[in-house]
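The lines below spell out each chain.
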Amino acid sequence: MAKHKYTNDLIHETSPYLLQHAHNPVHWKPWNEETLALAKKENKLLIISIGYSSCHWCHVMEHESFEDEEVAKIMNEHFISIKVDREERPDIDQVYMNAVQLMTGRGGWPLNCIALPDGRPIWGGTYFQKENWKNALTQLAKLYSETPEKAISYAENLTNGVQSSDVIVKNNNPINFKLEDLNLAVDNWEPYFDVKLGGRKGAPKFPMPNNYQFLLRYAIQSNNKSVLNYVNTSLTNMAYGGINDQIGGGFARYSTDEKWHIPHFEKMLYDNGQLVSLYAEAYQATKNELYKNTVYKTLEFVERELTNKDGSFYSSLDADSNNSEGKLEEGAFYSWTKEELKEILKNEFELFSEYYNVTNYGYWEHNTYVLIRTLDNETFAKKHKLSVSDLEKKVQRWQKVLLKRRALKNRPRLDDKSLTSWNALMLKGYIDAYKAFNNPHFLDVAIKNATFLYTKQLQENGNLNHSFKNGKSTINGYLEDYATVIDAFISLYEVTLNDVWLDTAKRLTDYSFDHFFNQENHMFYFTSDEDPVLITRKVEIDDNVIPASNSIMANNLFKLSHYYSNTYYLKVSTQMLNNVKEKTLKYASGYSNWLQLMCNFVGDYYEIAISGEKAIEKLPSIYKNYIPNKLVAGSTKKSNIPLMEGRFSTSETLIYVCVNGACKLPETIIDKALKQVKVNF
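Residues numbered from 1 in each chain as written. Predicted model: local features only at pLDDT ≥ 70, side-chain atom pairs only at ≥ 80, totals over all residues. Heavy atoms only, no water.

Give me the lowdown on the packing of helix H19 (residues 479–496) against helix H24 (residues 615–623), citing residues and values where you can.
A pair of packed helices is characterised by two quantities: the angle between their axes and the separation of those axes. For the pair H19 and H24, the least separation of the axes is 8 Å and the interaxial angle reads 115°. Across the interface between the two elements, Glu-494, Val-495 and Thr-496 of H19 pack against Ile-616, Leu-619 and Tyr-623 of H24. Its residues assigned to classes, the contact of H19 with H24 comprises 4 nonpolar, 1 polar and 1 charged. (Axes fitted to C-alpha atoms, helices over the stretch in contact; angles between N-to-C directions. Helix = DSSP H or I, 4+ residues; strand = E, 2+ residues; numbered from the N terminus. Contact = heavy atoms within 4.5 Å. Nonpolar A, V, L, I, M, F, W, Y, C, P; charged D, E, K, R; others polar.)

Shown next as structure tokens:
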């Protein structure tokens, strides 16, 4: 067993990110009451350093500064140094990210914040080069030692800024959501569309799945061809790009350039879960085979590299891995030299290199290439006088051969903790894939994961835990855990018609009201009232790469109000949307999941209820269609869910289509029932 020169308190943690720093010479400590008490006792400033295990620049700063004995000496002498895994503790990350953004105008990871012993921040930033870090720490230690009143004054001002930055005031204006609102939101957004390459103009480019889920829905419901073209351009170029691993499937976190080519190579579970949902929905709407293939390849990757045998999903794969010389290098696992491709593919290299642009277009750096497509299979096959099926067989063979060869390389590190919220996003992805493609394997995986969440993360007193590792469930859950699990369980009910999932979603919703809800403004706090208090209690409303926990919750309440005929849920959902309405119209890309909810109010919203022995058999005929303005309820026996009451018949399976509680006559044939559904606004 290797002997380490240094070992600090992080050695007792389970987070892979914290364990990566357990042998630094810095006396790192985890965030807990004991550490905070020690800072107060010794009257030392806190260094709060936040990152995650697959973060490239976190590794760079660790190597340059935190492994350096000279830097460690300054940190150990004058500060109490706390390492935080942002994925385990998003509550801490939100507070100090907000502080750094107020100070510097930008944020990112690694996030490094200096705070008073009581946790109030005074200074911070993201990545620092070694000399800059040393100078900053020396000056801050001197400031606190010689003029502590200045540090306290900085902290008071900054803390006031953090506390007031996301105060949500209840909007008492009359509630009225209309098509003109949606049109205005999209009109304000359109100047930022990159209509040629997809995504937002410029670089870097993030996939932002929820942006396209809303825009796809808006385009189809309002019959807007130009927006639909933009969505298809974005989805096609993302699928063709280096951001999508062309050999093994799965998406990296973002593209550093505007053509979706060179990614920041880490692969995150939350991106892949949401992108599966997006591409599955886009397939339902367009029947584009590229979208189907993208879903299948992404799920192959998830099963191969991010799935535990207990049905849970791991968090991420690192951007970095050791190259052939044993040096840690970003993207080493995913890039290829022309020479190795020629040696592997032999006489097929020329065709391969044209298909995947092993040319100036696909060149990266240091004589390496990142594979990227530019042509659809039909065009490419025609150009080379091949049939499409022959080309597809060749592509599959190339992928298989290169995947086998890549397996011999040094693999990126795996972050093997399972986070409840991210698992729920991947669970939803599997359910959406099942809805689109009716592949029973996808449903099997979904049920196994939902069972993991239900049996391991849902606790006896009704709360969810946030993290799971090595058989241990830990950390009281955040609103994002409740919101995403409720959403996924509603969806799982829609395909299984098993009341357990819907009833559990309702129980978790009621628990959220008890422990997260703010009665004054009708929004939900990010942290439970049972959690230790930080310098402020944050409210998350901006839809980012993952939608805001409040927007997911507002959408959940809308659906549950229909299932349970619960007018209070509907009232809260409507008020939440009204609270952010002005923001949604001005900055739609940051509120796209709220706009999904607005769509529900603008057009008709359908309840499709199926009751009878053959109810489950009828479901695939519904889900093969793109109908964003509906929910599905059903039962093969008598059900206690209010929406299903009095609808069961032993003699036949009936399909009811209702809007706002008003139902047409039931049908026995799905296609006839669906004629009652109008997708357009």
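Account for the sheet that holds strand S2 (residues 79–85), naming residues and giving values.
Across the sheet, 4 strands lie side by side as S2-S1-S3-S4; this open sheet has mixed pairing. The sheet is open, and its two edges are formed by S2 and strand S4 (121–125), each paired on a single side. Ignoring strand direction, the axes of neighbouring strands in this sheet form an average angle of 20°. Strands strand S1 (45–51) and S2 of the sheet are contacted by helix H2 (residues 33–42), whose axis makes an angle of about 160° with S2. Its contacts with the sheet put helix H5 (residues 90–104) on S1, S2, strand S3 (111–115) and S4, and the angle it makes with S3 is roughly 85°. (Pairing = 2+ DSSP bridges.)

Could you give an account of empty space enclosed by the protein, with specific residues and numbers?
Under the counting rule described, the total for this entry stands at 3 cavities of 30 Å³ or more. One number sums up the size of the largest cavity: a volume of about 740 Å³. Along the walls of the largest cavity sit 32 residues, with Gln-213, Glu-281, Lys-428, Lys-559 and Gln-596 positioned nearest its centre. Only helix H9 (209–221), helix H11 (269–286), helix H17 (420–437), H19, helix H21 (549–563) and helix H23 (592–602) provide two or more residues apiece to the lining of the largest cavity. The class makeup of the residues in the lining of the largest cavity is 9 nonpolar, 14 polar and 9 charged. Taken as a whole, the second largest cavity encloses approximately 130 Å³ of empty space. Around the second largest cavity, the lining is made up of 15 residues, and of these Gly-242, Asp-245, Gln-246, Tyr-334 and Val-370 lie nearest the centre. (1 Å grid on protein atoms, 1.4 Å probe; cavity = no way out; pocket = protein on both sides within 12 Å on 5 of 7 lines; lining within 4 Å. Points joined across faces, edges and corners; volume = space filled by probe spheres on them.)

I'd like a description of the packing of aromatic side chains, backed by residues and values.
Counted according to the given criterion, the structure contains 46 aromatic pairs. Centre to centre, the rings of Tyr-493 and Tyr-563 are 5.6 Å apart; their planes meet at 85°, and the pair counts as edge-to-face. Of this pair, Tyr-493 sits in helix H19 while Tyr-563 sits in helix H21, and the two are 70 residues apart along the sequence. An identical accessibility class is assigned to Tyr-493 and Tyr-563; each is buried. Aromatic ring contacts, followed pair by pair, group Trp-189, Phe-193, Tyr-212, Phe-214, Tyr-218 and Tyr-230 into a single cluster. Directly above the ring of Trp-109 sits Arg-86, whose terminal nitrogen or CZ lies 4.0 Å from the centroid. The residue whose ring lies beneath Arg-647 is Tyr-656, and the NZ or CZ to ring-centre distance is 4.7 Å. (Phe/Tyr/Trp six-rings, centres within 6.5 Å; stacked < 30°, edge-to-face > 60°. Buried < 20%, exposed > 50% of the residue type's maximum accessible area, 1.4 Å probe, protein only. Lys NZ or Arg CZ within 6 Å of the ring centre and 35° of its normal.)

How would you sum up the nonpolar core? Please name residues and give values.
Trp-133, Leu-215, Phe-524 and Tyr-563 are the most contacted members of the largest nonpolar core, which has 179 residues in total. Those residues within four positions of Tyr-563 in sequence are excluded, and the remaining contacts are Ile-490, Tyr-493, Glu-494, Leu-502, Leu-631, Val-632, Ala-633, Ile-641, Pro-642 and Leu-643. Residues Leu-36, Ala-39, Met-97 and Val-100 belong to the second largest nonpolar core, which totals 22 residues. (Core = buried A, V, L, I, M, F, W, Y, C linked by side-chain atoms within 4.5 Å.)

Quick one: what's the story with the environment of Ile-670, residue by residue and with numbers?
Note on placement: Ile-670 falls in helix H25 (residues 670–674). Looking at Ile-670, the relative accessible area reads 7%, which means it is buried. For Ile-670 and Ile-622, which are 48 residues apart along the polypeptide, the C-alpha to C-alpha distance reads 7.3 Å. Setting aside anything within four residues of it in sequence, one finds Ile-670 in contact with Ile-610, Lys-618, Ser-621, Ile-622 and Ile-655.

Would you mind going over the pairing of strand S21 (residues 654–659) in detail, with residue names and values included?
S21 sits mainly inside the fold: 5 of its 6 residues count as buried. Across 6 bridges, the pairing between strand S19 (residues 606–611) and S21 is antiparallel. Pairing of Tyr-606 across the sheet is with Val-659, part of S21. Bridge count for S21 against strand S22 (residues 662–663) is 2 bridges, and the pairing is antiparallel. Note that in S22 the partner of Cys-658 across the bridge is Cys-663. In this antiparallel pair of consecutive strands, S21 and S22, the connection spans 2 residues, and Asn-660 shows a positive phi of 50°.

Break down the state of the cysteines for me, with residues and values.
A covalent bond bridging the sulfur atoms of two cysteines is what the word disulfide describes. Counted by the stated rule, this structure contains 2 disulfides. A sulfur-sulfur distance of 2.3 Å marks the disulfide that ties Cys-55 to Cys-58. Taking the sign of the torsion about the S-S bond as the criterion, the disulfide between Cys-55 and Cys-58, at about 85°, is right-handed. Here Cys-58 falls in the buried class, since its relative accessible area comes to 2%. Covalent S-S linkage joins Cys-658 and Cys-663, the inter-sulfur distance amounting to 2.1 Å. Between Cys-658 and Cys-663, the disulfide has an S-S torsion of 100° and is therefore right-handed. When its relative accessible area of 36% is taken as the criterion, Cys-663 is described as partly exposed. (Disulfide = S-S within 2.5 Å.)

Which residues make up H2, and what are the values?
Along an α-helix, residues three or four apart share an orientation, since each turn contains 3.6 residues. Within H2, the full set of buried residues consists of Thr-35, Leu-36 and Ala-39. Taken down its axis, H2 places every buried residue within 100° of arc, on the same side. In H2, the exposed residues that point more than 90 degrees away from the buried face are Glu-33, Glu-34, Lys-40 and Lys-41. Against S1 and S2 lie the buried residues of H2. Two to three positions downstream of the cap, the backbone nitrogen of Glu-34 sits 3.2 Å from a side-chain oxygen, assigning the N-cap of H2 to Asn-32. Just downstream of H2, Asn-43 is the residue with a positive phi angle, here 50°. (Arc of directions from axis to C-beta. Polar contact = N/O pair within 3.5 Å; in protein donor to acceptor, adjacent residues only side chain to side chain.)

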